[in-house]
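Below, each chain spelled out in residue letters.
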Amino acid sequence: MLSLARKLRRLPLAVSHTQKSTYVDVKMKWKKDRFFDSISILTKSKDLQPLISLKNIIISQSPENGIPISAVSKRARELETSGRVAAFLRRYPAVFEEFTGPKYNLPWFKLTQEALDLDREERAVYEAYRPEMVDRLRRLILMSKEKVLPTRVVKGMLWYLGLPEGFLRDPEETSKDGCFELVDFGDGEQGLSVIANGDEQVLSVLQREAIKQLGGVEIVSIPLFPSKGLRLKQKIEHWLGSFQRLPYVSPYEDFSHLDPNSDVSEKRVVCVLHELLSLFVDNSAERRRLLCLREHLGLPQKFHKVFDRHPHVFYLLLKSKTCFVVLKEAYCAGPNTELKKHPMLEVRKKYAKLMNKSEAILRSRRSRRPLEEVGEQSRDRGDVQSDGFSEGGISNEECLQT
């Protein structure tokens, strides 16, 4: 029997080369960052989605008269509310107004005037910026390996892309943008594909930044934003520098030629997740929600380790027993970024403010003090959370000092 050394000598040179690894086992402790933990649009995101879903149910059924609690009480699992639906509605009195129904003294709920006004603003923003929001969905589909995504996967991403819940319910409504077509996968499953547009070349955010700063895409690096007090070992800093100089593979390009165990492949995974989060409303997402995209975007089985290995790019926000992934560039780069602010972001921030106002109302009721007095005390204690995304953003230096 041939010895192991003789077998290895007989292997082709290319195979021997691909087995050579430059992998550095990067292990970093998660570090809490008060700046990200104080942004309302991020910390309220877990309850913000069911809140808007309940608002939409009331709007669709009876915006003026409201609905009985029995109409939604059994939909807690579907809406993913934290606790019973009735308790969830009572938690936000600035959005939902409770009153006694016309029969049997059952609790009913309707929207407050502030919530009604905000709903009209939300619909107006969608109508005005629909092409831009639809383009974000188009880019997401173009990132997939087959340039098509199952409709069940697309439905799970509508919230993050800022599209309404019923976007896919009417095929004519979906196809009127001239971007998509439905594909039959068989077994009753359908997919959404992008209609080809000639030789269109889609550039990622990182490529646009490289063109703006360097005039080309020969060298594409990932913007880094270290948190205050986060120190890296020297060997990790050396690895990070060499990692930035690795060849760049766009999320919209074919990657089948890459060795899945190479550093180039890892850089592609980081860039795919960077581009993915750049499409979302608040540039963040619940980490487990990204699992449905793993196979379609060509991500490794344990791609979540990338978030731990690259804390200068991503921040893990732990809130209500849930882990959210935040793209740091959106909050720390200021004007030095090609990230485009999502049109629906300002509306979502206003919903988050109503949620904060609800907390103040409940404190006022418990303490039996005027709402204005409770609000002033909250500001004095620093309880009022930042809404993030200041007009000009914040610089990298300001992010480090936060």
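So, a few notes on the structure that sits alongside this text. It should be emphasised that the depicted structure is a prediction, and the values quoted were computed from it without experimental measurement.

Quick notes on the layout of surface pockets
Taken as a whole, the largest pocket spans an internal volume of roughly 1,500 Å³. Every residue lining the largest pocket is counted, 50 residues in all, and those nearest its centre are Gln49, Ser53, Asn56, Pro164 and Glu165. When residues of the lining of the largest pocket are traced back to their parent elements, those giving at least two are helix 4 (45–61), helix 5 (76–79), helix 7 (113–142), helix 8 (151–161) and strand 7 (284–286). When residues in the lining of the largest pocket are grouped by element, the largest group, 11 residues, is from helix 4. The volume enclosed by the second largest pocket comes to roughly 490 Å³. Taken together, 18 residues line the second largest pocket, and the ones lying closest to its centre are Pro260, Asn261, Ser265, Glu266 and Pro300. Looking at the lining of the second largest pocket, the elements with two or more residues in it are helix 12 (263–278) and helix 13 (305–309). Ranked by residues supplied to the lining of the second largest pocket, first place goes to helix 12 with four residues. Considering only residue class, the lining of the second largest pocket consists of nine nonpolar, four polar and five charged.

Focus: the sheet that holds strand 7
With antiparallel pairing, three strands are arranged side by side in an open sheet as 7-9-8. Here the strands that pair on one side only, and so sit at the sheet edges, are strand 7 and strand 8 (314–319). Shown here is a sheet whose adjacent strand axes are inclined to one another by a mean of 25 degrees, direction ignored. Where strand 8 lies against strand 9 (residues 322–327), six bridges are found, and the strand directions are antiparallel. The residue of strand 9 that forms the bridge with tyrosine 315 is valine 326.

What to know about the nonpolar core
Residues Phe96, Phe280 and Phe314 are the most contacted members of the largest nonpolar core, which totals 107 residues. In terms of residue count, helix 7 provides more of this core than any other element does, 11 residues in total. Not counting the four nearest positions on each side in its chain, phenylalanine 96 is found in contact with Leu51, Leu54, Lys55, Ile58, Leu89, Phe109, Lys110, Leu111 and Thr112.

Description of empty space enclosed by the protein
By rolling a water-sized probe across the atoms, one finds the places where empty space is left. Across all of its chains, the model carries two cavities of 30 Å³ or more by this definition. Among the elements that make up the lining of the largest cavity, the one with the highest residue count is helix 11 (residues 234–244) (four residues). The space that makes up the second largest cavity amounts to roughly 40 Å³. Elements with a contribution of two residues or more to the lining of the second largest cavity: helix 4 and strand 1 (67–68).

Remarks on the packing of helix 7 against helix 15 (residues 345–367)
Each pair of packed helices can be summarised by the angle the axes make with each other and by the distance between the axes. Relative orientation of the contacting elements helix 7 and helix 15 amounts to 165 degrees, with a least axis distance of 10 Å. With respect to helix 15, the axis of helix 7 lies roughly antiparallel. Crossing angle aside, the handedness with which helix 7 passes helix 15 is left-handed. In contact with Glu114, Ala115, Leu118, Asp119, Glu121, Glu122 and Val125 of helix 7, helix 15 contributes Val347, Lys350, Tyr351, Leu354 and Lys357. Of the residues belonging to the contact of helix 7 with helix 15, the class tally is six nonpolar, no polar and six charged.

The rules behind these values
- Residues numbered from 1 in each chain as written.
- Predicted model: local features only at pLDDT ≥ 70, side-chain atom pairs only at ≥ 80, totals over all residues.
- Heavy atoms only, no water.
- 1 Å grid on protein atoms, 1.4 Å probe; cavity = no way out; pocket = protein on both sides within 12 Å on 5 of 7 lines; lining within 4 Å.
- Points joined across faces, edges and corners; volume = space filled by probe spheres on them.
- Helix = DSSP H or I, 4+ residues; strand = E, 2+ residues; numbered from the N terminus.
- Nonpolar A, V, L, I, M, F, W, Y, C, P; charged D, E, K, R; others polar.
- Pairing = 2+ DSSP bridges.
- Axes fitted to C-alpha atoms, helices over the stretch in contact; angles between N-to-C directions.
- Core = buried A, V, L, I, M, F, W, Y, C linked by side-chain atoms within 4.5 Å.
- Buried < 20%, exposed > 50% of the residue type's maximum accessible area, 1.4 Å probe, protein only.
- Contact = heavy atoms within 4.5 Å.
- Parallel < 35°, antiparallel > 145°, perpendicular 65-115°, else oblique.
- Left-handed = near helix turned anticlockwise from the far one by under 90°.

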